[in-house]
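# A structural walkthrough
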Amino acid sequence: MSIRSFNPPMRTLMGPGPSDVHPRVLAAMARPTIGHLDPAFVGMMDEVKAMLQYAFQTRNHLTMPVSAPGSAGMETCFVNLVEPGDKVVVCVNGVFGGRMKENVDRLGGVPILVENAWGDPVDPNKLEDTLRSHGDARLVAFVHAETSTGARSDAKTLVEIAHRHDCLTIVDAVTSLGGIPMKVDEWGIDAIYSGSQKCLSCTPGLSPVSLNERAIEKIKRRKSPVPSWFLDLTLVMGYWGGSNKRTYHHTAPVNALYGLHEALVMLQEEGLENAWARHEKNYHALRAGVEALGLKFIVREDSRLPQLNAIAVPANIDEAKVRQLLLSDYNLEIGAGLGALAGRIFRVGLMGQTSSMKNVVLFVNALKEVIARLQHSAGRSAAEPPALRA
Ligand SMILES: *Cc1c(COP(=O)(O)O)cnc(C)c1O
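Let me sum up the structure you'll find in this document. (Residues numbered from 1 in each chain as written. Predicted model: local features only at pLDDT ≥ 70, side-chain atom pairs only at ≥ 80, totals over all residues. Heavy atoms only, no water.)

## Brief notes about unusual backbone geometry
Cis geometry is found at the peptide bond from Gly17 to Pro18, where omega equals 0 degrees. Examined against the element boundaries, Pro18 turns out to sit in the loop between strand E1 (12-14) and helix H1 (23-29). A positive phi angle, near 55 degrees, is found at Gln57, a position not held by glycine. Within the secondary structure, Gln57 is located in the loop between helix H2 (39-56) and strand E2 (62-66). For Ser201, which is not a glycine, the phi torsion comes out positive at approximately 55 degrees. Mapped onto the fold, Ser201 is located in the loop between strand E9 (191-193) and strand E10 (207-211). Of the residues examined, Ser201 reaches a relative accessible area of 3% and is grouped as buried. (Helix = DSSP H or I, 4+ residues; strand = E, 2+ residues; numbered from the N terminus. Buried < 20%, exposed > 50% of the residue type's maximum accessible area, 1.4 Å probe, protein only.)

Set out below in structure tokens:
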């Protein structure tokens, strides 16, 4: 065997995540590994929790990173809050809402769907109607930023409606945290989860979660034990909890947490509001460039996510070929459409560190050249050389 060290190519990550990771975060992750119960490490974990409270805008005591990717944060909320037979209202407007339903199914819950067209935000009136006809539902789940379509739902309004009907809320903020306003306490969100690799621009593999007292009460009143040992918050809290005595639960991913710490320090240095404003500003630049090429966004203007832009593929253009050329000739990654939107959209992420004017200009110029090249070569024999680069 003569397998050598792996040296990845240098890419610009403009897909649906991971986003570009700053060298400061990578440098932090290369620092010496110490024990996960070392007092120095425990002190760093407390800082991670405090900075996550800032990112979520919450004082929730139970705010911590689950040691696994965003999907595990999703599962943490569902396995702890859903019991067999529970009716759970799940709003679906893309892939990730569909996964929430899958979680409820597998836990023996009864999902009641509020279905919306892909590309639309969740309709608050539909949620209201559904809750009126299912008075025994006690939980509402929805995705704040649907990464599969680029649609932003009105989290504040949806939570208000859920509470009026005596329901707790589970909110997916994997793509929203750090990119658009998210105010957990002000909006009264009961359980929320996110991911490290989207607008927080850390490496993939950690899932910040936060639960308020109402959610914790509900977990304490469970009739059946939480069906996952690893994700059982009552156990995890003994490890991450505020008390001085930490009990071993699992070995925290020590160096990955150095990375999240550094990413959160950078967020704090920039300021949350400034980060939101930067995402908004660079979306406007992207939009101007994309529209100048004659291309269209699929989400209506007032519910677009600045960090995830779903752009319709122009007629007669091979979507996969565009992505392939961007990657091979520009080291630029963008995302494909998922599910119903496969082959029909490009998903262009401007998340976290990736959200910069430099990347907007790189993408717009590269896209322009690649589309021109494909249009130019269309109808010609494959043997002919490609058109000159712009
Ligand atoms: C990326 C994403 C997830 C899943 O996160 P992973 O880290 O890939 O497990 C869940 N929900 C949304 C909205 C996402 O964008």
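## Topic: the site of the ligand
Around the ligand, the neighbouring residues are Pro69, Gly70, Ser71, Phe96, Val143, Ala145, Thr147, Asp172, Val174, Thr175, Gln197 and Lys198. In the model, an oxygen atom of the ligand is placed 2.8 Å from a nitrogen or oxygen of the Gly70 main chain. The side chain of Lys198 places a nitrogen or oxygen atom 2.7 Å from an oxygen atom of the ligand. Protein coverage of the free-state accessible area of the ligand, which is 380 Å², stands at 89%. A breakdown of the residues in the shell around the ligand according to their chemical character gives five nonpolar, five polar and two charged. (Near = heavy atom within 4 Å. Polar contact = N/O pair within 3.5 Å; in protein donor to acceptor, adjacent residues only side chain to side chain. Areas by Shrake-Rupley, 256 points an atom, 1.4 Å probe, with all protein chains shown as cover. Nonpolar A, V, L, I, M, F, W, Y, C, P; charged D, E, K, R; others polar.)

## Examining the nonpolar core
Grouped together as the largest cluster of nonpolar side chains are 88 residues, with contacts concentrated most on Phe78, Leu127, Ile170, Met182, Leu211 and Leu264. The element best represented in this core is helix H10 (residues 254-270), accounting for nine residues. Counting residues domain by domain, this core receives three or more from each of domain 1 (23-268) and domain 2 (272-389). Here Leu264 is in contact with Val48, Met51, Leu52, Ala55 and Leu200, once residues within four sequence places are set aside. (Core = buried A, V, L, I, M, F, W, Y, C linked by side-chain atoms within 4.5 Å. Domains from an automatic or database assignment. Contact = heavy atoms within 4.5 Å.)

## Digging into the sheet that holds strand E12 (residues 332-336)
With mixed pairing, the four strands of this open sheet are ordered in space as E1-E12-E13-E11. The strands lining the two open edges of the sheet, one partner per strand, are E1 and strand E11 (308-312). If you compare each strand with its neighbour and ignore which way they point, the axes differ by 30 degrees on average. Note: E1 against E12, three bridges, orientation parallel. Among the inter-strand pairings, Thr12 is bridged to a residue of E12, identified as Leu332. This element, helix H12 (residues 319-330), spans E12 and strand E13 (345-349) of the sheet and lies at about 160 degrees to E12. (Pairing = 2+ DSSP bridges. Axes fitted to C-alpha atoms, helices over the stretch in contact; angles between N-to-C directions.)

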